[in-house]
Amino acid sequence: MFGSLNLPIAAGVGLRAPHVREVLATRPALPWFEVHSENYFADGGPALAALQRIRADYPLSLHGVGMSLGSSDPIDRDHIGKLKRLIARVEPAQVSEHLCWSSVGGRNFNDLLPLPYNDEALAHVCGRVARVQDLLGREIAFENVSAYVAFPDATMTESEFVASVARRTGCKLLLDVNNVYVNAVNHGFDADAYIAAIPPDAVAEYHLAGFDAGDLCLIDTHGAPISGDVWALFARTVRRIGPRPTLIEWDTDIPAFSVLKGEARTAQRILGTIDAIAA
Amino acid sequence: MPSLRELQLRFAAALVAPASTEGAALDDERMAIYRTNGRATYRHALGATFAVVKRLTGAPFFNAAVDTFVAAHPPFSGDLNVYGEHFADFVERYAPAANLPYLADVARLEWAIDEASRAADATRVPDAALAALAIVPPERVPHVRIALDVSCRLVESAYPILRIWRANQDDRSGDERIDLEEGGILLIVRRDTDGMAIEALRRGEYAWLAALAQAATLHAAIDAALAADPAFDLGAVLRTHIGAGTIAAIFDQ
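Keep in mind that what you see is a predicted model, and the values were worked out from it rather than measured. (Residues numbered from 1 in each chain as written. Chains lettered and ligands numbered in written order. Predicted model: local features only at pLDDT ≥ 70, side-chain atom pairs only at ≥ 80, totals over all residues.)

Turning our attention to the overall build of chain B. Per the secondary structure count, chain B includes 11 helices and five strands. Here the C-alpha radius of gyration of chain B, 23 Å, is well above what a compact globule of 253 residues would show, namely 18 Å. Here chain B holds 253 residues, and the buried ones make up 38% of them. (Helix = DSSP H or I, 4+ residues; strand = E, 2+ residues; numbered from the N terminus. Rg over C-alpha atoms; globule rule 2.2 N^0.38 Å. Buried ≥ 20, exposed ≤ 12 C-beta atoms within 10 Å, placed from the backbone.)

So, in structure tokens, the structure goes:
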């Protein structure tokens, strides 16, 4: 089994339930996998057992979607406890969450909701990151989210906010290039200026996914091929920041696993690192 | 400037109902994207857990039921696995489903399967359970308690829900005719070495296991079983359920 080392600087794939059986049966030549932590919040059972078998052969990253890191509600200790047990079980190479909130007043919306980009939210979320890391006893990386609305009273740009969280907490950033592109279109900012504002040393991983063009704005569905514009932005990002472990995500209308492998091969060519993915 | 908490509470109000966005100064047309995404999240999550209920009713009916359920039982956890515990009770009272009297019990069976699939792994040691029983002094035997495997769930219905469930799995056409008059069924759902086991139980056997699950003594469980079925055979059910791993442990205390 791989130790809890770093993820390889190569293009991996987000592993979703419809592909688990195929991955177990064929052991595809991919450098690493990432799963949504909450999908494996179980005390035992076949899904968790399958994940442990995959973990025995591949480096694994746990990516959370439900911690509600930026919420003004108290931290959900039960949720942290479940994550901590999963971490102990699979010894992931990396644990990440989203720079967002999902719940307030006890109600959970199970969505990645944007924060207002101001000093209060910055101080709050930095404090929460520190407390979560204390509770987990390990570092977490955080991801920039896509958004359809922006708070009117923001006092800083999203990239300033994201870069500030990285600087203040010392946490690594999981830079979702698709989310940068989607937000640049939706909120009318320059995606390259955003990338330029990110301290390269803070970036631990890239995410890539597909969006759908809605009537009003781009919708981050993770349900389509990665767009040409996002590939181009990714290539410019890699040139500026450097190659990092890169993940292909596909969460709705999930295609055949070979499609994900194809996207990973494209990402790998752009990364220009080891030729990790067999054709 | 409003506080983070105020902003989040206003945003939350706008996620629930479109009219309240004025104070939040959020673009309501775009907030509608979040409302749509939110509905899709719960329809998808519950549609996976309650796949047979969805197949029996069709997606439009099911999705409308989920939307109503979410409004009545707002989610409280970032872990969607635990959301759905009250769905069967909701279905039972959901007026549009009144002409499908078996639907709530099918939902109960699907929730039992879902819970069992996430329960802790157990090492099944039938010999250890037998050995534990063998060392109990005869006069203490009526007072022992029997712990069932943590994955065990008991489901009872006045309708043939196992036949309905099986006929509506992905590999079946689902158009098989099932006579609701054929009567009810008593089921145990538990994890097996090969995955999930769903088995029909006899009346006395079900009453016995149900009593044990409530931490009754062996004596009280036998009384319950005999009340349900005078022909209840303790030796036979002990052998069956120790062998199958339903019985995790026997202890004299």
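Moving on: the overall build of chain A. From N to C terminus, chain A includes nine helices and 12 strands. For a compact globule of 279 residues, the expected C-alpha radius of gyration is about 19 Å, and chain A comes in at 18 Å, within 12% of that figure. Projected onto its principal axes, the C-alpha coordinates of chain A cover approximately 50 × 40 × 35 Å. When burial is assessed residue by residue, chain A has 51% of its 279 residues classed as buried.

As a further point, take helix α4 (residues 119-136) of chain A. A turn of α-helix holds 3.6 residues, and therefore any two residues three or four places apart point the same way. Look at α4 of chain A: 26 Å from first C-alpha to last across 18 residues, which is about the 26 Å you get at 1.5 Å a residue. Every buried residue belonging to α4 of chain A is among Ala 121, Leu 122, His 124, Val 125, Arg 128, Val 129 and Val 132 of chain A, and all of these are buried. Seen along its axis, α4 of chain A keeps its buried residues to an arc of 165 degrees; they face one direction. Seen from the buried face of α4 of chain A, the exposed residues on the opposite side, beyond 90 degrees, are Gly 127 and Asp 134 of chain A. The secondary structure elements touched by the buried residues of α4 of chain A are α3 (77-90), β7 (141-143) and α5 (158-169) of chain A together with α1 (4-16) of chain B. Positioned one or two residues after α4 of chain A, Gly 137 of chain A has a phi angle of 70 degrees, which is positive. (Expected span 1.5 Å × (residues − 1). Arc of directions from axis to C-beta. Contact = placed C-beta atoms within 7 Å.)

Glancing now at the pairing of strand β2 (residues 153-157) of chain B. Residues and elements named next belong to chain B. What you see with β2 is a clean split: Arg 153, Val 155 and Ser 157 sit on the buried side and Leu 154 and Glu 156 on the side with no burial. Of the strand pairs in this sheet, β2 and strand β3 (residues 185-192) are connected by five bridges, and their pairing is antiparallel. The partner of Ser 157 across the bridge, within β3, is Ile 185. (Pairing = 2+ DSSP bridges.)

This brings us to unusual backbone geometry. Residues and elements named next belong to chain A. Positioned with a positive phi, Arg 27 is a non-glycine residue whose angle comes to about 45 degrees. Along the polypeptide, Arg 27 turns up in the loop between α1 (17-26) and β2 (33-36). Overall, Arg 27 belongs to the exposed group, with 11 C-beta atoms counted inside 10 Å. At His 222, a position not held by glycine, the phi torsion is positive, near 50 degrees. Mapping His 222 onto the fold places it in the loop between β11 (218-219) and α8 (228-241).

Confidence along chain A averages 95 in pLDDT terms, with 96% of residues attaining 70 or more. Within the model, pLDDT remains below 50 along residues 275-279 of chain A, and this stretch shows 12 contacts once partners closer than five positions in the same chain are excluded. (pLDDT = per-residue confidence, 0-100.)

What follows covers the packing of α3 of chain A against α4 of chain A. Each pair of packed helices can be described by the angle between their axes along with the distance between the axes. All names here are of chain A. Across the interface, α3 lies against α4 with an axial gap of 10 Å and an inter-helix angle of 50 degrees. Considered as vectors, α3 and α4 are oriented oblique to each other. Pair α3 / α4 crosses with right-handed handedness. Touching Ile 80, Leu 83, Lys 84 and Ile 87 of α3 are Val 132, Leu 135 and Leu 136, all from α4. Tallied by class, the residues present in the contact of α3 with α4 amount to six nonpolar, no polar and one charged. (Axes fitted to C-alpha atoms, helices over the stretch in contact; angles between N-to-C directions. Parallel < 35°, antiparallel > 145°, perpendicular 65-115°, else oblique. Left-handed = near helix turned anticlockwise from the far one by under 90°. Nonpolar A, V, L, I, M, F, W, Y, C, P; charged D, E, K, R; others polar.)

What follows covers the sheet that holds β2 of chain B. Residue and element names in this part refer to chain B. The strand order β2-β3-β4 describes an open sheet built from three strands, whose pairing is antiparallel. The strands lining the two open edges of the sheet, one partner per strand, are β2 and β4 (195-200). Across this sheet, the average inter-strand angle for adjacent strands is 20 degrees, counted without regard to direction. Of the pairings in the sheet, the one linking β3 to β4 comprises six bridges and is antiparallel in character. From the neighbouring strand, Arg 191 faces β4, where its bridge partner is Met 196.

Bringing the domain arrangement of chain B into the picture now. Per the domain assignment, the segments of chain B are domain 1 (1-100) and domain 2 (119-253). Between domain 1 of chain B and domain 2 of chain B, the C-alpha centre-to-centre distance is 36 Å. (Domains from an automatic or database assignment.)

For the rest of this paragraph, the subject is the interface of chain A and chain B. Chain A puts 41 residues into the contact, and the matching count from chain B is 36 residues. Within the side of chain A that touches chain B, the residues separate by chemical class into 17 nonpolar, 16 polar and eight charged.

Attention now moves to the packing of α8 of chain A against helix α9 (residues 257-271) of chain A. Residues and elements named next belong to chain A. Across the interface, α8 lies against α9 with an axial gap of 9 Å and an inter-helix angle of 35 degrees. For α8 against α9, the interelement crossing comes out right-handed. When α8 is examined against α9, the residues Trp 231, Phe 234, Ala 235 and Val 238 are found in contact with a partner set consisting of Thr 266, Ile 270 and Leu 271.

Attention now moves to the sheet that holds β7 of chain A. In space, the eight strands of this closed barrel follow the order β1-β2-β3-β4-β7-β8-β9-β12 (chain A), with parallel pairing throughout. Neighbour-to-neighbour, the strand axes of this sheet turn through a mean angle of 30 degrees, independent of strand direction.

This part takes up the confidence of the model for chain B. Any region with low pLDDT has predicted coordinates that should not be read closely. Across chain B, pLDDT averages 93, with 98% of residues at or above 70. This complex was scored by the predictor with a pTM of 0.94 and an ipTM of 0.94.

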